[in-house]
Amino acid sequence: MASISQQPNRGLELNVANVSHQFYLHGKTLPVLNQVSLNVRAGEFVALLGPSGCGKSTLLRLVAGLDLPTSGDITEDGVALVAPAPSRVVVFQDPTLYPWRTVYDNVGLGLQTGKKVPTDARSRIEGILQRVGLTEFATAWPSQLSGGMAQRAALARALINHPRLLILDEPLGKLDSLTRIHMQRELVDLWREQRFSALMVTHDVEEALLMANRVIIFSPRPAAIIDTIVVDLPYPRRRSDPRLTALRTQALALLGAESTLEEPT
Ligand SMILES: Nc1ncnc2c1ncn2[C@@H]1O[C@H](COP(=O)(O)OP(=O)(O)O)[C@@H](O)[C@H]1O
Ligand SMILES: [Mg+2]
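Source: prediction; values computed, not measured. (Residues numbered from 1 in each chain as written. Chains lettered and ligands numbered in written order. Predicted model: local features only at pLDDT ≥ 70, side-chain atom pairs only at ≥ 80, totals over all residues. Heavy atoms only, no water.)

1. Brief notes about helix H4 (residues 147–159)
This is how it is decided: Helix numbers and strand numbers start at the N terminus; a helix is a DSSP run of H or I with at least 4 residues, a strand a run of E with at least 2. Here, expected helix span is obtained from the residue count minus one, scaled by 1.5 Å. Burial status follows relative accessibility: with a 1.4 Å probe on protein chains alone, a residue under 20% of its type maximum counts as buried, one over 50% as exposed, and anything between as partly exposed. Residue contacts follow a heavy-atom distance rule, with two residues in contact if any of their heavy atoms lie within 4.5 Å.
A rise of 1.5 Å per residue sets the reference length of H4, with its 13 residues, at 18 Å; its end C-alpha atoms lie 18 Å apart and thus fit the reference within 8%. Buried within H4 we find Gly148, Met149, Ala150, Gln151, Arg152, Ala153, Ala154, Leu155, Ala156, Arg157, Ala158 and Leu159. Of the surrounding elements, those touching the buried residues of H4 are strand E6 (88–91), helix H2 (103–109), helix H3 (121–131), strand E7 (165–169) and helix H5 (177–194).

2. Here we look at the site of ligand 1
Here is the rule we go by: Proximity is defined per residue: any heavy atom of the residue falling within 4 Å of a molecule or strand makes that residue near it. In protein, a polar contact means a hydrogen-donor-capable atom and an acceptor-capable atom, both N or O and within 3.5 Å, with residues adjacent in sequence counting only if both atoms are side-chain atoms; elsewhere, any N or O pair within 3.5 Å suffices. Using the Shrake-Rupley algorithm and a 1.4 Å probe, accessible areas are obtained, with residue cover drawn only from the displayed protein chains.
Surveying the vicinity of ligand 1 reveals 14 residues, the closest of which are Gly53, Gly55, Lys56, Ser57 and Thr58. Separating an oxygen atom of ligand 1 from a backbone N or O atom of glycine 55 is a distance of 3.0 Å. In this structure, an oxygen atom belonging to ligand 1 sits 2.8 Å away from a side-chain N or O atom of serine 57. When the free accessible area of ligand 1 is taken as 570 Å², the share hidden by the protein chains comes to 65%. Only strand E1 (14–25), strand E2 (28–40) and helix H1 (56–64) provide two or more residues apiece to the shell around ligand 1. With three residues, the top contributor of residues to the shell around ligand 1 is H1.

3. Some details on the nonpolar core
Selection criterion: Take the buried residues of types Ala, Val, Leu, Ile, Met, Phe, Trp, Tyr and Cys, join any two whose side-chain atoms come within 4.5 Å, and each joined set is a nonpolar core. Note: domain ranges come from an automatic or database domain assignment.
Counting 56 residues, the largest nonpolar core has Leu166 and Val215 as the members making the most contacts within it. Broken down by element, this core gets its largest block of residues, seven residues, from H4. Both domain 1 (1–87 + 165–265) and domain 2 (100–162) contribute no fewer than three residues apiece to this core. The residues contacting valine 215, other than those within four sequence positions of it, are Ala47, Leu49, Ala208, Leu209, Asp227, Thr228, Ile229 and Val231. By size, the runner-up hydrophobic cluster in this structure holds 26 residues, among which are Leu14, Val32, Leu62 and Ala64.

4. Here's the deal with the domain arrangement of the protein
As a reminder, the rule being used: Take the accessible area each of two parts loses on contact, using a 1.4 Å probe, and add the two losses: that sum is the buried area. Salt-bridge detection follows one rule: a side-chain nitrogen of Lys or Arg within 4 Å of a carboxyl oxygen of Asp or Glu.
Structurally, the protein comprises domain 1 (1–87 + 165–265) and domain 2 (100–162). Taken residue by residue, the interface counts 14 residues in domain 1 and eleven residues in domain 2. Sorting the residues of domain 1 by area buried against domain 2 places Arg10, Met183 and Leu190 first, and these three jointly supply 35% of that buried surface. The tally of links from domain 1 across to domain 2 stands at two salt bridges. Across the pair glutamate 193 and arginine 131 runs a salt bridge whose closest N-O atoms are separated by 2.9 Å. Run the count over domain 1 and domain 2 and you get three residue pairs in polar contact (both at pLDDT 80 or more). With eight residues, H5 is the largest single contributor of residues to the side of domain 1 that touches domain 2.

5. Some remarks on unusual backbone geometry
A cis amide bond, omega -5°, links arginine 221 with the succeeding residue proline 222. Position of proline 222 among the secondary structure elements: in the loop between strand E9 (214–218) and strand E10 (225–230). Each neighbour pair has its own omega, and for tyrosine 235 with proline 236 the value is -10°, a cis peptide bond. Within the secondary structure, proline 236 is located in the loop between E10 and helix H7 (242–254). Non-glycine residue glutamine 35 carries a positive phi angle of around 50°.

6. Regarding the packing of aromatic side chains
Selection rule: Only Phe, Tyr and Trp rings are paired, with Trp represented by its six-membered ring, and only when their centres lie within 6.5 Å; those with planes under 30 degrees apart are stacked, over 60 edge-to-face, the remainder tilted. Lysine and arginine charges are scored as sitting over a ring when NZ or CZ, respectively, is within 6 Å of the ring centre and within 35 degrees of the ring normal.
Scanning the entire structure with this criterion turns up three aromatic pairs. With centroids separated by 5.3 Å and ring planes inclined at 85°, the aromatic side chains of phenylalanine 45 and tryptophan 191 adopt a geometry described as edge-to-face. Of this pair, phenylalanine 45 sits in strand E3 (residues 45–49) while tryptophan 191 is found in helix H5, placing the two residues 146 residues apart along the sequence. Exposure remark for phenylalanine 45: the relative accessible area of 1% places this residue in the buried category. On the numbers, 5.0 Å between centres and 45° between planes, the contact of tyrosine 98 with tryptophan 100 is tilted. Three or more aromatic residues joined by ring pairs form one cluster here, namely Phe45, Trp191 and Tyr235. Across from the ring centre of tyrosine 235, 4.0 Å away, lies the NZ or CZ of arginine 237, which sits over that ring.

The following block contains the structure:
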């Protein structure tokens, strides 16, 4: 395992206080979040686990600033969070690369939030492509990438602007199990090295415990927090670590599941 050369902590402090949210569906109210309060400290990795359809993606959309909660407050570093910002980037399960742009140009899109393209664009794109192991594929089209490589390109596009909070919605959910294991490690290495805050939804209990400092467990919709598991284990973590296995049993019991969980959403 290569040693991680750490940058200064640039994570933001996220605070979600008494957030409830509802949608309106066919003239009826659909409560989705019920008095959710949580925080992510600067540089912390928090994972969210809960049954399919409970409201996890909705919560991430609120944290991304894509929607406003029906009630409650969300702040970043103590300031009300009301709109999307480059400091908070979302990576979805589907890498959503533009098929008509090369990997290099897809990653470069992350830099073009305003009209100006930074003068150091080229070195930044090349640097992040190297970091995620895609240098050789800079000129490839998305259709020429494997699932894992496409998700690495999406991560590179998200990280190129140095986000302070990386929001991950089942980012590894579509990958085969071996690729997924590799990507879990790579993502943890990136997080430890670049020191952003991370908030990740996953349906995989083991993944949450391998990656996060804390795992927050939600009830079925409307999502309310059932419990929080603190994962006070050093990185890199091993799946076979008996402490991790014990936490897994605890998490599964809280989710009311013995061995199987939800389908990916
Ligand atoms: N824009 C929307 N309008 C109406 N209902 C929605 C909307 N987005 C999500 N929902 C509903 O909110 C609930 C929670 O969805 P979601 O947050 O995607 O769940 P999860 O990510 O936990 O699987 C679901 O019942 C879903 O149908
Ligand atoms: Mg979801």
